[in-house]
Amino acid sequence: TVTYNALIDGLCRSGNLKGATKLFSSILEKGLVPSGVTYTIMINGNCNAGDMSEAFRLYDEMLSRGILPDKFTYNALIGGCCKVGKLERAVELFNEMLQKGFATVLTFNTLIDDFCKLGKLQEATQLLKVMVDKQILPDNVTYTTLIDGHAKAGKIKEACLLFSEMQERNLMPNAVTYTSLIEGHSRAGNMSEASALFKEMMDKGIKPDEVTNHVMIHTPCKEGNLVEAFKLQDAIIAKGIQ
RNA sequence: CCGCUAGU
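Residues numbered from 1 in each chain as written. Chains lettered and ligands numbered in written order. Predicted model: local features only at pLDDT ≥ 70, side-chain atom pairs only at ≥ 80, totals over all residues. Heavy atoms only, no water.

Engineer: Outline the overall build of chain A, supporting the account with residue identities and numerical values.
Structural biologist: The secondary structure content of chain A amounts to 14 helices and 0 strands. Ordered by position from N to C terminus, the α and β elements of chain A give α-α-α-α-α-α-α-α-α-α-α-α-α-α. Expressed as lengths along the three principal axes of its C-alpha atoms, the size of chain A is roughly 65 × 40 × 30 Å. Across the 242 residues of chain A, 44% fall into the buried class. (Helix = DSSP H or I, 4+ residues; strand = E, 2+ residues; numbered from the N terminus. Buried < 20%, exposed > 50% of the residue type's maximum accessible area, 1.4 Å probe, protein only.)

This is the structure we're talking about:
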């Protein structure tokens, strides 16, 4: 079963949901019993493909076989529901999880990210408070998600506040965190702040990765700030970063 | 570490 699971997961990840579904059916035909993990992989694959009706069909099938969902299953379903805008259903599942004590920092992170993407920044920030109340500690992904959400909404001030707050909690910003914030400043036309952050991250020994460099160079271009883009590009080359 | 979250 473990081998099948890995194969199915691989197929889902490479976007071959059809192949994964075939393999899954073949397991059933052989009279083998898929495990909860098998179902979760299939459910997650369908969620990522936006096919929530199939995801829920599988979910029901797994329940009818007496296989209980765990935090992975719930998180996948919640993420899928949010992606297709079925917030009510997501919140229902979320409450179920809370009752069962299944909610983890990942659950919150998933929800917070989806709320941010739907432009519900208030609710997303509220969830941060809820999780702290529940003694589930936010991690750097939680903050990075919120920072990115606020930065993309043009709420740079809030993004910066969150950035300080996360450091007060002794959470380390990583390349993703910096990149989100840099992009925010850059899109707001504040290149000096963007390069200051870029420098700060290097001083801390955090290596900018390909996304960081892409953002540094392309965002000012989009804003019509070619001069800045070239300056930054030179700086990047000078530091010997790829 | 067989499966669920963040940035281009």
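Engineer: Talk me through the protein's contact with RNA strand B; I want residue IDs and the actual numbers.
Structural biologist: Lining the immediate environment of RNA strand B, one finds 35 residues, of which Asn5, Arg13, Asn75, Asn109 and His214 sit closest. At 3.1 Å from a phosphate oxygen of RNA strand B is found a side-chain nitrogen or oxygen belonging to Lys117. Asn174 places a polar side-chain atom, nitrogen or oxygen, 3.0 Å from a base nitrogen of RNA strand B. Elements with a contribution of two residues or more to the surface near RNA strand B: helix H1 (2-13), helix H3 (36-48), helix H5 (71-83), helix H7 (105-117), helix H9 (140-152), helix H11 (175-187) and helix H13 (210-222). (Near = heavy atom within 4 Å. Polar contact = N/O pair within 3.5 Å; in protein donor to acceptor, adjacent residues only side chain to side chain.)

Engineer: So what's going on with the nonpolar core? Residues and values would help.
Structural biologist: Ile8, Ile43, Leu77, Ile78 and Ile182 are the most contacted members of the largest nonpolar core, which totals 63 residues. Residues within four places of Ile8 in sequence aside, it is in contact with Ala20, Leu23, Phe24, Ile27, Thr38, Ile41 and Met42. (Core = buried A, V, L, I, M, F, W, Y, C linked by side-chain atoms within 4.5 Å. Contact = heavy atoms within 4.5 Å.)

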